[in-house]
Amino acid sequence: MTILRVALDVPLNRYFDYLVADGETVSESEVGRRVRVPFGRRSRIGVIAGISEYSELPLAQLRAAEAILRDLPPLPADWFRLCEFCASYYQTSVGEVMLSTLPAGLRRLDPAKARAPRAVKKPPAAETPPPLTAGQEAVLAAIVDPAGAAGKASGAGFAAYLLHGITGSGKTEVYLRLIERALAAGRQALLLVPEINLTPQLEARVARRFPEAGLVSLHSELGEAARTRNFRAALAGEARIVLGTRLAVFTPLPDLGLIVVDEEHDASFKQQDGLRYSARDVAVFRARERGVPIVLGSATPSLESWANAVEPHAGARYTLLTLAERAVSGAALPPVRCIDTRREKLKDGLSSALLSAIEARLARGEQSLVFINRRGYAPVLCCASCGWVARCTRCTANLVLHQSDRRVRCHHCGFEGHVPRACPSCGNQDILPFGRGTQRIEEVLGEHFPAARILRVDRDSARSRKQWEVLAARIHAGEADILVGTQMLAKGHDFPKLTLVGAIGADAALMAADWRAPERLFAQLMQVAGRAGRAVLPGEVLIQTEQPQHPLYQTLARHDYPAFAAMQLAERAQAGFPPYAYQAMLRAEAPNMDEALAFLAKARAWPEAAAHAAVMLYDPVPMRLARRANFERAQLLVESPSRRALQSFLAPWHDAIRNERPGKRLRWHLEVDPIEF
Ligand code: ADP
Ligand code: ZN
Ligand code: ZN
């Protein structure tokens, strides 16, 4: 008897047994193919994970598979191991991982006929790479050659490198040379970048260098047909380079020889819903499992990665490589200066030093960038007479004023409404905006510099990747004198005429309750500072602050990431925070808080928890944003100094919670290695 073991997109962490359809003969070579099977009263697409001679269930209970789909080569064995690892590490089911990481087009019962791949245009000759800088030479010499690794036994070629290179130091050129080696050795290369960094420019740059490599990209804004086509090309080995965002880490690559994760600290590598995984961490697992080198690159590595490279206790899991200078000679890092805003009364939030620096740029025909990490016009809309504040009725959050279209919006649930003409509480007509966002700064700058062309870049002005590309092209073409924007502006693009960066409102992150806020702030400021003076024109960075002596700004002014990281790690070690502890978060949402807390309290009282001495369960507490979209939210933090101890606790605990079958109105999930609290 031949039994198919099938992975299905259901929350049960096991495979499902099916009989082979009448008349079909099935061999081991069908493992890894998609299959249509009956499940309950309908059909589903699954993946054949194995073929067996027997089933633990009585044969009479088994149903027959409807059809094996042979439109793709089978998914390879290491792809199964990757998915199985993720299912066990992230406490989810193997079928959910497998099916949710396949392109939607391959999960459909009625697969749209995928068009044949476009005929490859006769490629132009490969662009000649620039001669390497001494720094790049040294880095490349230190990285194990994937060609050398190829011949060795599986697992032998694994090595993890943390490439710490300041902005503009030529990390991308290093990646390209590594890819070149991998291709020459007959291997495939996987290059992962943050959502916003996957620009047509980067894609074109890689394609120009390797015109014959059948480069494909994979990201969430790709249409279904294109995603399926690119996935297939990778699986079939036709695409030798895959460039993609976090979801691309699951692309099956039969000849994988190299993984690169650029901007490895970027939060967009963490998926925050559904399958909550870190693509960076999955990439490291994958490299180890496949025995290939992985390079994590950043100007401001995550403290987790930094600790792995520099701390003796981590056993120097990663080899640290450094690019300390900009690749283009003469392009120095811009001087960073703090403007002490306690000494002067600000004009609409802008200091005279910043205003005159902008004025000087305008006079010279150069560009300035004002960085403020808050979109909208004002974060608070308030009645001057009775103190009423515009709040979202569905969330514990204020409504943000958007002046451009006279709306108030909740940035948490998407609610929006008109700006009231008068105070709903006392009737007073004086409702005033407090605080500043990008729109207000844009308006204020317009008043100060009426002749300047001002361009705002935030999630309101650039809703899609396309819109952002259009804005970026306009900036490139010199169609703007002053840019106002959020961290969106810090990434992905070089603007040669940009010579001034001013940061305002940064202090808020110093006082945030979130202990990861300083790490994020440092990375953002470093990145946005890196935009200034990338080409021949020298740049300058001004930071408005009430705490100019703060060590974060001091280390930033010295461009000294290692000093900042050492300081942060010392604080984390003392507080027992990651990377010195491993965490998981159980979250619950319900129409009322008591229900959510009760659910967590019950989970906390799991009798077998006592047997896991190395694991600490905190008290259930309401989340910082306690209500979102009419759901009350609470969380329970689980922590351990040992990753293994945490893992061996989570699996049975998760099963016990699942068996509780909480009420229909309660939603819950367990997140491993959470980064937001
Ligand atoms: P990073 O990724 O580290 O921010 P990039 O790889 O984008 O830096 O390089 C910054 C700039 O330096 C780019 O304009 C790039 O073309 C240039 N560059 C990189 N390496 C070299 C080199 N060896 N010779 C000349 N220019 C280089
Ligand atoms: Zn009022
Ligand atoms: Zn809301």
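Residues numbered from 1 in each chain as written. Chains lettered and ligands numbered in written order. Predicted model: local features only at pLDDT ≥ 70, side-chain atom pairs only at ≥ 80, totals over all residues. Heavy atoms only, no water.

A. Structural context of the overall build of the chain. Counting its regular elements, the chain contains 17 helices and 28 strands. In summary, the chain has a C-alpha radius of gyration of 27 Å against a globular reference of 26 Å for 677 residues, a match within 12%. Here the C-alpha coordinates of the chain stretch approximately 85 × 65 × 50 Å along the principal axes. Looking at the chain residue by residue over its 677 residues, the buried ones come to 54%. By sequence separation, contacts in the chain at least 24 residues apart represent 75% of the contacts at least 6 residues apart. (Helix = DSSP H or I, 4+ residues; strand = E, 2+ residues; numbered from the N terminus. Rg over C-alpha atoms; globule rule 2.2 N^0.38 Å. Buried < 20%, exposed > 50% of the residue type's maximum accessible area, 1.4 Å probe, protein only. Contact = heavy atoms within 4.5 Å.)

B. Representation of the UniProt feature "domain: CCHC-type" (unreviewed entry) in the chain. Annotation from UniProt places "domain: CCHC-type" (unreviewed entry) at residues 409–425. Taken as a whole, residues 409–425 contains 0% helix and 24% strand, while its terminal C-alpha atoms sit 19 Å from one another. (UniProt positions renumbered as here; feature names shortened; annotations may be inferred.)

C. Structural detail: the environment of Gly-50. When you line up the elements, Gly-50 lands in strand β4 (residues 42–52). Residue Gly-50 is classed as buried on the basis of its relative accessible area of 14%. A sequence separation of 47 residues divides Gly-50 from Ile-3, and the C-alpha atoms of the two residues are 8.5 Å apart.

D. Quick look at the coordination of the zinc ion (ligand 3). Every protein donor of the zinc ion (ligand 3) is accounted for by Cys-392 (SG), Cys-395 (SG), Cys-410 (SG) and Cys-413 (SG), and the metal-donor separations fall at 2.2 to 2.3 Å. In this structure, the zinc ion (ligand 3) is coordinated by 4 donor atoms arranged in tetrahedral fashion, with angles at the metal of 105 to 112 degrees. Each donor residue of the zinc ion (ligand 3) belongs to the same chain, with the gaps between them written as C-x2-C-x14-C-x2-C. Separated by 18 residues along the polypeptide, Cys-395 in the loop between β15 (380–383) and β16 (400–402) and Cys-413 in the loop between β17 (407–409) and β18 (416–418) bring together distant segments of the chain. (Donors = N, O, S within 2.8 Å, 3.2 Å for Na, K, Ca; no water. Tetrahedral: all angles 85-135°; square planar, octahedral: opposite > 155°, others 65-115°.)

E. Structural context of the pattern of salt bridges. All chains considered together, the criterion is met by 46 salt bridges. Here Asp-405 makes a salt bridge to Arg-409, at a shortest N to O gap of 2.7 Å. Note on Arg-409: relative accessible area 14%, which makes it buried. The shortest N-O distance in the salt bridge between Arg-456 and Asp-458 comes to 3.0 Å. Residue classification places Asp-458 among the buried positions, given a relative accessible area of 0%. Residues participating in the shared-partner salt-bridge network are Glu-127, Glu-173, Arg-177, Arg-208 and Arg-209. (Salt bridge = Lys/Arg side-chain N within 4 Å of Asp/Glu carboxyl O.)

F. Representation of the coordination of the zinc ion (ligand 2) in the model. Within the first shell, the zinc ion (ligand 2) binds the protein through Cys-383 (SG), Cys-386 (SG), Cys-423 (SG) and Cys-426 (SG), at distances of 2.2 to 2.4 Å. Note that the zinc ion (ligand 2) binds 4 donor atoms; their angles at the metal cover 106 to 113 degrees, and the shape is tetrahedral.

G. The packing of helix α13 (residues 517–529) against helix α15 (residues 561–575), seen in detail. Contact geometry of α13 with α15 gives a least axis separation of 11 Å together with a crossing angle of 170 degrees. The orientation of α13 with respect to α15, classified from their angle, is roughly antiparallel. Every residue of α15 that contacts α13 at Pro-518, Glu-519, Phe-522 and Met-526 is listed here: Tyr-561, Phe-564, Gln-568 and Arg-572. (Axes fitted to C-alpha atoms, helices over the stretch in contact; angles between N-to-C directions. Parallel < 35°, antiparallel > 145°, perpendicular 65-115°, else oblique.)

H. Representation of the pairing of strand β23 (residues 540–545) in the model. For β23, the tally of buried residues reaches 6 of 6 residues, placing the bulk of the element in the interior. Burial of the side chains of β23 extends over both faces: Glu-540, Leu-542 and Gln-544 are buried on one face and Val-541, Ile-543 and Thr-545 on the other. One ladder, built from 5 bridges, connects strand β13 (residues 336–340) with β23; its direction is parallel. Each bridged residue has a counterpart across the sheet, and for Asp-340 the counterpart in β23 is Thr-545. Here strand β22 (residues 498–503) pairs with β23 via 4 bridges, running parallel. Bridge pairing in β23 places Val-501 opposite Val-541. (Pairing = 2+ DSSP bridges.)

I. Spotlight on the site of ligand 1. Surveying the vicinity of ligand 1 reveals 17 residues, the closest of which are Pro-131, Gln-136, Gly-168, Lys-171 and Thr-172. A distance of 3.3 Å is found between an oxygen atom of ligand 1 and a backbone nitrogen or oxygen belonging to Ser-169. The side chain of Thr-172 places a nitrogen or oxygen atom 2.9 Å from an oxygen atom of ligand 1. Expressed as a share of its isolated accessible area of 560 Å², the protein-covered part of ligand 1 is 74%. Of the residues forming the shell around ligand 1, the biggest block, 3 residues, is contributed by helix α5 (residues 171–184). For the shell around ligand 1, the per-class residue count stands at 6 nonpolar, 7 polar and 4 charged. (Near = heavy atom within 4 Å. Polar contact = N/O pair within 3.5 Å; in protein donor to acceptor, adjacent residues only side chain to side chain. Areas by Shrake-Rupley, 256 points an atom, 1.4 Å probe, with all protein chains shown as cover. Nonpolar A, V, L, I, M, F, W, Y, C, P; charged D, E, K, R; others polar.)

J. Up close: the nonpolar core. Residues Trp-468, Leu-525 and Trp-653 are the most contacted members of the largest nonpolar core, which totals 121 residues. Beyond its immediate stretch of four places on either side in the chain, Trp-468 contacts Ile-196, Val-457, Ala-462, Ile-475, Met-488, Leu-489, Lys-491, His-493 and Phe-495. Residues Ile-143, Ala-159, Leu-243 and Val-295 belong to the second largest nonpolar core, which totals 28 residues. (Core = buried A, V, L, I, M, F, W, Y, C linked by side-chain atoms within 4.5 Å.)

K. Looking closely at the side chain of Arg-177. In this fold, Arg-177 is placed in helix α5. For Arg-177, the residues in contact, after removing those within four places along its chain, are Pro-129, Pro-130, Leu-132, Leu-140 and Arg-209.

L. Region of interest: the packing of aromatic side chains. Summed over all chains, the structure comprises 13 aromatic pairs. For the ring pair Phe-16 and Phe-39, a centre distance of 5.5 Å and an interplane angle of 90 degrees mean the geometry is edge-to-face. Placement of the pair is Phe-16 in strand β2 (residues 16–19) and Phe-39 in strand β3 (residues 34–39), with a sequence separation of 23 residues. Of the residues examined, Phe-39 reaches a relative accessible area of 24% and is grouped as partly exposed. Taken together through their ring pairs, the aromatic side chains of Phe-85, Tyr-89, Tyr-90 and Phe-285 make up a single cluster. Geometry around Phe-631 places Arg-667 over its ring, the cationic atom sitting 3.9 Å from the centre. (Phe/Tyr/Trp six-rings, centres within 6.5 Å; stacked < 30°, edge-to-face > 60°. Lys NZ or Arg CZ within 6 Å of the ring centre and 35° of its normal.)

M. The sheet that holds β13, seen in detail. Across the sheet, 6 strands lie side by side as β13-β23-β22-β14-β21-β20; this open sheet has parallel pairing. The open sheet is flanked by β13 and β20 (454–457), the only strands paired with a single partner. Pairs of neighbouring strands in the sheet enclose a mean axial angle of 20 degrees, with direction left out of account. Packing against the sheet, α13 makes contact with β14 (367–371), β22 and β23, and its axis sits at approximately 170 degrees to β14.

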